[in-house]
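Residue-level structure breakdown
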Amino acid sequence: MDQSIPCPQCGAPARITERFSLGSTDGPVEHLKIGCVNNHWLTPLAETLASVQPQPTPAVTEPVYA
């Protein structure tokens, strides 16, 4: 399920590691568990990150020698 996004706190590469719902008076609310390379762990509402586009994982390439 890991999906790369920028960390909402510092902008470093982060991963969505879990999606879950918590009950509320208006019904279930979807939350995310996010961890970044700077050890920030957040559980924001999924709707707050709806506009954040996943970052593509960079391809590993061989060095080019000229």
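The text that follows walks through the structure, step by step, so that each part is easy to find.

Parameters and conventions
Residues numbered from 1 in each chain as written. Predicted model: local features only at pLDDT ≥ 70, side-chain atom pairs only at ≥ 80, totals over all residues. Heavy atoms only, no water. Helix = DSSP H or I, 4+ residues; strand = E, 2+ residues; numbered from the N terminus. Buried < 20%, exposed > 50% of the residue type's maximum accessible area, 1.4 Å probe, protein only. Contact = heavy atoms within 4.5 Å. Areas by Shrake-Rupley, 256 points an atom, 1.4 Å probe, with all protein chains shown as cover. Phe/Tyr/Trp six-rings, centres within 6.5 Å; stacked < 30°, edge-to-face > 60°. Lys NZ or Arg CZ within 6 Å of the ring centre and 35° of its normal. Polar contact = N/O pair within 3.5 Å; in protein donor to acceptor, adjacent residues only side chain to side chain.

A separate point is the overall build of the protein. Each helix and strand in the protein was counted, giving zero helices and four strands. When the elements of the protein are put in sequence order from the N terminus, they spell out β-β-β-β. For the protein, buried positions account for 23% of its 66 residues. At a minimum sequence separation of 6, the contacts of the protein that also span at least 24 residues come to 29%. A total of about 5000 Å² of accessible surface is found on the protein, and carbon and sulfur atoms cover 54% of it.

Moving on: the packing of aromatic side chains. Counting across every chain of the model gives zero aromatic pairs. The ring of W41 has K33 sitting right over it, with the charged end atom 5.4 Å from the ring centre.

It is worth spelling out the side chain of H31 at this point. Relative to the helices and strands, H31 is located in strand β3 (residues 29-36). Looking at H31, its side chain comes within polar contact range of the main-chain oxygen of V29, at 3.0 Å. Sequence-distant contacts of H31, that is, excluding residues within four places in its chain, are made with E18, R19, F20, L22, T43, P44, L45 and A46.

Another aspect to go through is the side chain of S4. As for its placement among the helices and strands, S4 is situated in strand β1 (residues 3-6). A residue is classified by how much of its surface remains accessible, and S4, at 13% relative accessible area, is buried.

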